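# Structural features, examined
Each chain is listed here by its residues.
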Amino acid sequence: MAAFAVALLLYGLKITRPLEWKSWDLRLRLFSDASKASGNIVIFLIDQYSLDIYEKQQGLSWPWPRQVYSAVVDYLRQGGAKVIFFDLTFSEASRSGVEDDEDFARAMERAGNVFLPLSLSQKEESIEATPGDVLKRFSLSPGELPLESFPRAVSATLPVSVLLNASRGAGNVLFLPDSDGIFRRLPLAISYRDLIIPSIPIAMVRFVGGGEKLPQIPLDNSGRMIIRYYGPAGTYKTYSIAAIINSWAQVEEGKEPQIPPGEFAGKIVLVGASASGLLDLRPSPLSAVYPGVEINATVLDNILKGDFVRIPALMILIGLVLVFAMFTAVGASLLRKIWHHIVFFFICLAIPFGAAWLAFNSGWWLEFVVHEFAVFTSFIGASLLNYSAEGRQRRFIKGVF
């Protein structure tokens with residue numbers, strides 16, 4: 001009972017949380033299955049190869065003209081892609097002039113399925129507040145999501161108006177990691193100027209679902225969705241954007257394209273950056289360097305498939321801690337031989353691990369560290385009591401004789 005109380009105290013004070021996060025990361029690395037990632041979600045990456053080849057061959061330095069993205073949109077429209085998302089910041093007008101932005105806007109209007117990112121910051125305040133009516137058409141109505149309150153943003157960075165107005169939708173892409181810097185969870189929406197702005201996966205799910213009600217998404221105690229990663233960076237089928245642009249040029253010239261546009265029929269395509277200089281690489285439980293666009297792809301995949309991670313009720317956690325502590329203490333108290341103690345100790349340590357593994361495969365995040373702590377302290381406490389009791393008995397017998 002003492003071990004049970006101490007374990008719950010450490011859990012309540014969140015002392016075990018950093019270790020629990022690391023244990024969750026380990027479970028993801030050991031048991032995640034990359035084959036579960038949807039084949040209908042693909043990623044176009046602006047990688048270092050793409051930057052280098054276009055700077056050397058075409059003289060295009062970063063940032064690229066928006067006509068490059070117009071070509072990508074027209075290519076995917078011809079191929080019949082379902083949704084297109086550009087995880088790129090278009091907050092400043094094109095260096096090539098207004099006509100360049102307008103050309104990209106016309107391409108988005110022709111496609112009718114292009115989504116753009118909104119960067120709603122919870123930390124950095126902006127000098128000029130963004131008018132609420134600009135974001136109103138992208139906001140959620142009350143009741144669409146399970147929570148009534150969301151993290152509050154203090155500033156917003158938006159694409160230039162000509163592009164934002166031409167987009168089919170938009171969503172927030174800026175969210176905070178856990179305190180150790182790892183991105184494990186994501187808020188479904190964020191509050192800004194009395195509006196509820198969805199995260200980009202939610203915005204895209206609403207479009208793919210044709211306006212149907214959003215699925216019930218389980219949240220953790222902080223009101224965020226736990227991301228169920230399927231594998232390290234590169235889990236989703238990825239193409240270098242240089243190959244896509246080259247394919248569109250070949251289509252325009254009447255040649256056989258390197259990658260046929262029809263390969264993306266009915267696919268959800270996310271365009272992002274992986275080149276280190278473009279600053280969109282984030283640490284995840286499975287990779288220290290993970291493209292931000294692939295995190296959004298993973299969350300989108302989780303929601304579309306209903307493949308969520310749930311947190312057991314608090315009473316279940318308390319009950320399991322009590323059961324593990326009592327089982328270990330009683331067993332350690334009854335055993336007498338040393339090798340029996342050793343075998344029993346390792347069995348008790350393996351039981352919470354097995355429970356956590358079974359829970360993981362069933363879509364649950366069962367606490368691991370607090371259970372192991374209860375087992376360890378129960379065993380040590382029971383063993384010390386045994387030793388003390390046996391010592392007293394020996395001293396008593398010796399005194400009698």
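Residues numbered from 1 in each chain as written. Predicted model: local features only at pLDDT ≥ 70, side-chain atom pairs only at ≥ 80, totals over all residues. Heavy atoms only, no water.

## Details of the packing of helix 1 (residues 2-12) against helix 11 (residues 314-334)
In the contact formed by helix 1 and helix 11, the axes pass within 9 Å of each other and the chain directions differ by 145°. The chirality of how helix 1 crosses helix 11 is right-handed. Judged by residue contacts, Phe-4, Ala-7, Leu-8 and Tyr-11 of helix 1 engage Leu-314, Leu-317, Ile-318, Val-321, Leu-322 and Ala-325 from helix 11. Residue composition of the contact of helix 1 with helix 11, by class: 10 nonpolar, no polar and no charged. (Axes fitted to C-alpha atoms, helices over the stretch in contact; angles between N-to-C directions. Helix = DSSP H or I, 4+ residues; strand = E, 2+ residues; numbered from the N terminus. Left-handed = near helix turned anticlockwise from the far one by under 90°. Contact = heavy atoms within 4.5 Å. Nonpolar A, V, L, I, M, F, W, Y, C, P; charged D, E, K, R; others polar.)

## A word on the packing of aromatic side chains
Throughout the structure, instances matching the rule amount to 25 aromatic pairs. Between Tyr-69 and Phe-104, the aromatic rings sit 5.8 Å apart at their centres with planes inclined by 45°, giving tilted as the arrangement. Taken together, the residues Tyr-69 in helix 4 (residues 67-79) and Phe-104 in helix 5 (residues 98-111) connect sequence positions 35 residues apart. Accessibility expressed as a relative area gives 0% for Phe-104, which makes it buried. (Phe/Tyr/Trp six-rings, centres within 6.5 Å; stacked < 30°, edge-to-face > 60°. Buried < 20%, exposed > 50% of the residue type's maximum accessible area, 1.4 Å probe, protein only.)

## Overview of a nonpolar patch on the surface
Among the surface-exposed residues, Met-1, Leu-322, Met-326, Val-330 and Leu-334 lie close enough to one another that they form a single nonpolar patch of about 480 Å² accessible area. Here Val-330 is to be found in helix 11. According to the relative accessible area criterion, Val-330 is partly exposed, its value standing at 43%. (Patch = residues over 30% accessible without salt bridge, like charges linked within 9 Å, V, L, I, M, F, W, Y side chains within 5 Å. Areas by Shrake-Rupley, 256 points an atom, 1.4 Å probe, with all protein chains shown as cover. Salt bridge = Lys/Arg side-chain N within 4 Å of Asp/Glu carboxyl O.)

## A word on the environment of Thr-328
Tracing the backbone shows Thr-328 in helix 11. Spatially, the C-alpha atoms of Thr-328 and Phe-264 are 56 Å apart, while their sequence positions differ by 64 residues. Sequence-distant contacts of Thr-328, that is, excluding residues within four places in its chain, are made with Phe-344, Cys-348, Val-375, Ser-378 and Phe-379.

## Overview of the side chain of Thr-298
Assignment of secondary structure puts Thr-298 in helix 10 (residues 292-305). Within the structure, Thr-298 has its side chain in polar contact with the backbone oxygen of Glu-294 (distance 2.8 Å). Aside from chain neighbours lying at most four places away, what touches Thr-298 is Ile-227, Arg-228, Tyr-229, Tyr-236 and Tyr-290. (Polar contact = N/O pair within 3.5 Å; in protein donor to acceptor, adjacent residues only side chain to side chain.)

## A word on helix 3 (residues 48-57)
Of the positions making up helix 3, those classed as buried are Ser-50, Leu-51, Ile-53 and Tyr-54. One or two steps after helix 3, the chain reaches Gly-59, where phi turns positive at roughly 70°.

## A look at the pattern of salt bridges
One pass over the full model with this rule turns up 17 salt bridges. A salt bridge links Asp-74 to Arg-110; the nearest nitrogen and oxygen atoms lie 3.1 Å apart. Here Asp-74 is found in helix 4, whereas its partner Arg-110 is found in helix 5, with 36 residues between them in sequence. On the basis of relative accessible area, Arg-110 is assigned to the partly exposed category, the value being 42%.

## Things to note about the nonpolar core
With 47 residues, the main nonpolar core has Leu-145, Ile-202, Met-204, Tyr-229 and Ile-303 as its most contacted residues. For this core, the elements supplying multiple residues, two or more each, are helix 2 (17-31), strand 1 (41-46), strand 2 (83-86), helix 8 (200-208), strand 9 (225-226), strand 11 (268-273) and helix 10. For this core, the element with the most residues is helix 10, which contributes 6 residues. In contact with Met-204, other than residues within four places in its own chain, are Val-83, Phe-85, Phe-115, Ile-268 and Leu-300. Listed in part, the 42 residues of the second largest apolar core include Tyr-54, Trp-64, Ala-71 and Leu-163. (Core = buried A, V, L, I, M, F, W, Y, C linked by side-chain atoms within 4.5 Å.)

## Here's the deal with helix 4
It helps to recall that an α-helix has 3.6 residues per turn; residues three or four apart then point in one direction. End to end, helix 4 covers 18 Å across 13 residues, agreeing with the expected 18 Å (1.5 Å per residue, within 8%). Among the 13 residues of helix 4, 10 are classified as buried, and the element is accordingly described as predominantly covered. Listing the buried residues of helix 4 in full gives Val-68, Tyr-69, Ser-70, Ala-71, Val-72, Val-73, Asp-74, Tyr-75, Leu-76 and Gly-79. Turning to helix 4, the residues buried within the fold contact strand 1, strand 2, helix 5, strand 3 (114-121), helix 9 (241-252) and strand 11. (Expected span 1.5 Å × (residues − 1).)

## Some words on the pairing of strand 5 (residues 169-172)
Alternating positions in strand 5 separate into two faces, Gly-169 and Gly-171 on one and Ala-170 and Asn-172 on the other, with burial throughout. Across 4 bridges, the pairing between strand 3 and strand 5 is parallel. Bridge pairing links Pro-117 to Gly-171 in strand 5. (Pairing = 2+ DSSP bridges.)

## Focus: the confidence of the model for the protein
Put simply, the protein has an average pLDDT of 89, and 94% of its residues get 70 or more. Mean pLDDT across the elements of the protein bottoms out in helix 6 (residues 132-135) (77) and peaks in strand 2 (97). (pLDDT = per-residue confidence, 0-100.)

## Focus: the packing of helix 8 against helix 10
Closest axis-to-axis distance for the helix 8/helix 10 pair is 9 Å, and the angle between their directions is 45°. Overall, the two elements helix 8 and helix 10 adopt an arrangement that is oblique. Helix-helix and strand crossings are classified by hand; for helix 8 and helix 10 the assignment is right-handed. Contacts between helix 8 and helix 10 pair Ile-200, Pro-201, Ile-202, Met-204, Val-205 and Val-208 from the former with Asn-296, Val-299, Leu-300, Ile-303 and Leu-304 from the latter. Partitioned by chemical class, the residues of the contact of helix 8 with helix 10 number 10 nonpolar, 1 polar and no charged. (Parallel < 35°, antiparallel > 145°, perpendicular 65-115°, else oblique.)

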